[in-house]
Amino acid sequence: MKTLKRILIGLVVLVVAAVAIAYILPRHVALDRSIVIAAPAETVFPLINNLKEFEKWSPWAKIDPNMKVTYSGPESGAGQKNQWRSDHASVGNGSQEIIASEANKHVKTKLEFDGQGAAEAAFDLAPSGDDTKVTWSFETDLGMNPIGRYFGLMIEGWVGADFEKGLASLKELAETQQ
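In what follows, the accompanying structure is described. Note that the structure is a prediction, hence the values are computed from the model and not measured.

## Side note on the side chain of S169
- For S169, the location among the structural elements is in helix 6 (residues 155-176).
- Residue S169 is classed as buried on the basis of its relative accessible area, which comes to 13%.

Rendered as structure tokens:
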């Protein structure tokens, strides 16, 4: 009986410690990736300011080509929204809406992931000689969810590689439009 009691006390201590450690972990998670594209911002911008064009170079569209996507709002720019549905675990379900757009410079989107919360992503374009440097960034607030904060430690590994693949596809698409 004493052994069982010690095991239970040990388990309680471990659970309390794991929860306490979670609240020491960062609440806000951010990452970004950049690439230089041999094309002017005027060529690159329409590919990020229109969610229909985004599907042409999105890394997640390549993971699940059978993903169902619907669009609403204007043809491009602020207010355009897409909703996606996928049976693939790496893609899931959610929506993305362009919430800010400055021609040839910046696009900001709000992302909603079904059952996983919200985040924001942004694309910043900057001249780099005759080329354009594109920075794709992502940030989210994990709130007070201790499990979410542990998952926050893995976002860099999960999303970073996808951003790199997406930017490489964007580069290829933009440079072929020259």
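Further notes follow.
## Looking at the side chain of T132
- Of note, T132 is situated in strand 7 (residues 131-141).
- Among the polar contacts made by the side chain of T132, one reaches the main-chain carbonyl oxygen of A39 at a distance of 2.7 Å.
- Only 2.9 Å separates the side chain of T132 from the backbone nitrogen of A41, close enough to count as a polar contact.
- Aside from chain neighbours lying at most four places away, what touches T132 is I35, V36, I37, A39, P40, A41, V44, L125 and A126.

## Here's the deal with the packing of aromatic side chains
- One pass over the structure, following the stated rule, counts 10 aromatic pairs.
- Measuring from centroid to centroid gives 5.8 Å for W57 and F123, while their planes differ by 80 degrees, and the two rings are edge-to-face. With W57 in helix 3 (residues 51-57) and F123 in strand 6 (residues 117-128), this residue pair connects regions lying 66 residues apart in the sequence. With respect to burial, W57 and F123 carry one shared label: buried.
- Between W60 and W136, the aromatic rings sit 5.9 Å apart at their centres with planes inclined by 80 degrees, giving edge-to-face as the arrangement. With W60 in helix 4 (residues 59-63) and W136 in strand 7, this residue pair connects regions lying 76 residues apart in the sequence.
- Among the aromatic residues, those joined into a ring-pair cluster are F54, W57, W60, F123, W136, F138 and F163.
- Against the face of Y71 rests K52, its NZ or CZ located 5.5 Å from the ring centre.

## Details of helix 2 (residues 41-48)
- Taking burial as the measure, the 8 residues of helix 2 include 6 buried ones, the bulk of the element.
- Those residues of helix 2 lying buried are A41, T43, V44, F45, L47 and I48.

Parameters at a glance
Residues numbered from 1 in each chain as written. Predicted model: local features only at pLDDT ≥ 70, side-chain atom pairs only at ≥ 80, totals over all residues. Heavy atoms only, no water. Helix = DSSP H or I, 4+ residues; strand = E, 2+ residues; numbered from the N terminus. Buried < 20%, exposed > 50% of the residue type's maximum accessible area, 1.4 Å probe, protein only. Polar contact = N/O pair within 3.5 Å; in protein donor to acceptor, adjacent residues only side chain to side chain. Contact = heavy atoms within 4.5 Å. Phe/Tyr/Trp six-rings, centres within 6.5 Å; stacked < 30°, edge-to-face > 60°. Lys NZ or Arg CZ within 6 Å of the ring centre and 35° of its normal.

The quantities given are spatial measurements derived from coordinates; they are silent on function.
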